[in-house]
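Listed below are the residues making up each chain.
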Amino acid sequence: MKKLKAMGCEEALKHLFTYLDRELGAVKRRGVERHLALCRSCFSRAEFEKRLKDQLRETGRESVTASFKERIKTILSQL
């Protein structure tokens, strides 16, 4: 089996969002995972981005009242 070349910070961060979206191919995914296991700085960045992404996803699920929607429509119509 071919030995994978260690991935540096720049390359790991370049693939970070694709990795977090689970859209990265197996070889690159393993490289990013290996890098995150070894690099505290990139691991922290990945955790921050993951938590932010989760928080934004949850924020989009909240419902708003009809009166709030009307206030927004009124404001937008005045622009």
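Summary of the structure given here. (Residues numbered from 1 in each chain as written. Predicted model: local features only at pLDDT ≥ 70, side-chain atom pairs only at ≥ 80, totals over all residues. Heavy atoms only, no water.)

Moving on, we come to helix H4 (residues 40–59). Between its terminal C-alpha atoms H4 stretches 28 Å, which fits the 28 Å expected from 20 residues at 1.5 Å a residue. Along H4, the residues classified as buried are Cys 42, Ala 46 and Glu 49. On an axial view of H4, the arc spanned by its buried residues comes to 65°, and they lie on one face. The exposed residues of H4 that point more than 90 degrees off its buried face are Arg 40, Ser 41, Phe 48, Arg 51 and Gln 55. Looking at the buried positions of H4, the neighbouring elements they touch are helix H1 (9–14), helix H2 (16–20) and helix H3 (26–38). (Helix = DSSP H or I, 4+ residues; strand = E, 2+ residues; numbered from the N terminus. Expected span 1.5 Å × (residues − 1). Buried < 20%, exposed > 50% of the residue type's maximum accessible area, 1.4 Å probe, protein only. Arc of directions from axis to C-beta. Contact = heavy atoms within 4.5 Å.)

Positive phi outside glycine occurs at Arg 22, with the angle close to 60°. Mapping Arg 22 onto the fold places it in the loop between H2 and H3.

Glancing now at the side chain of His 15. Checked against the element boundaries, His 15 lands in the loop between H1 and H2. For His 15, a relative accessible area of 12% translates into the label buried.

Ranked by size, the top nonpolar core spans 11 residues in total: Met 7, Ala 12, Leu 16, Tyr 19, Leu 20, Leu 24, Val 32, Leu 36, Cys 39, Cys 42 and Ala 46. Secondary structure elements with two or more residues in this core: H2, H3 and H4. Per element, the largest residue contribution to this core is 3 residues, and it comes from H2. Excluding anything up to four places from it in sequence, Leu 20 contacts Ala 46, Glu 49, Lys 50 and Lys 53. (Core = buried A, V, L, I, M, F, W, Y, C linked by side-chain atoms within 4.5 Å.)

Another point: the packing of H3 against H4. Where H3 meets H4, the closest approach of the two axes is 6 Å, and the angle between their N-to-C directions is 110°. Classified by the interaxial angle, the pair formed by H3 and H4 is roughly perpendicular. By crossing handedness, the relation of H3 to H4 is classed as left-handed. Between H3 and H4, the residues in contact are His 35, Leu 36 and Leu 38 and Arg 40, Cys 42, Phe 43 and Ala 46, respectively. Considering only residue class, the contact of H3 with H4 consists of 5 nonpolar, 1 polar and 1 charged. (Axes fitted to C-alpha atoms, helices over the stretch in contact; angles between N-to-C directions. Parallel < 35°, antiparallel > 145°, perpendicular 65-115°, else oblique. Left-handed = near helix turned anticlockwise from the far one by under 90°. Nonpolar A, V, L, I, M, F, W, Y, C, P; charged D, E, K, R; others polar.)

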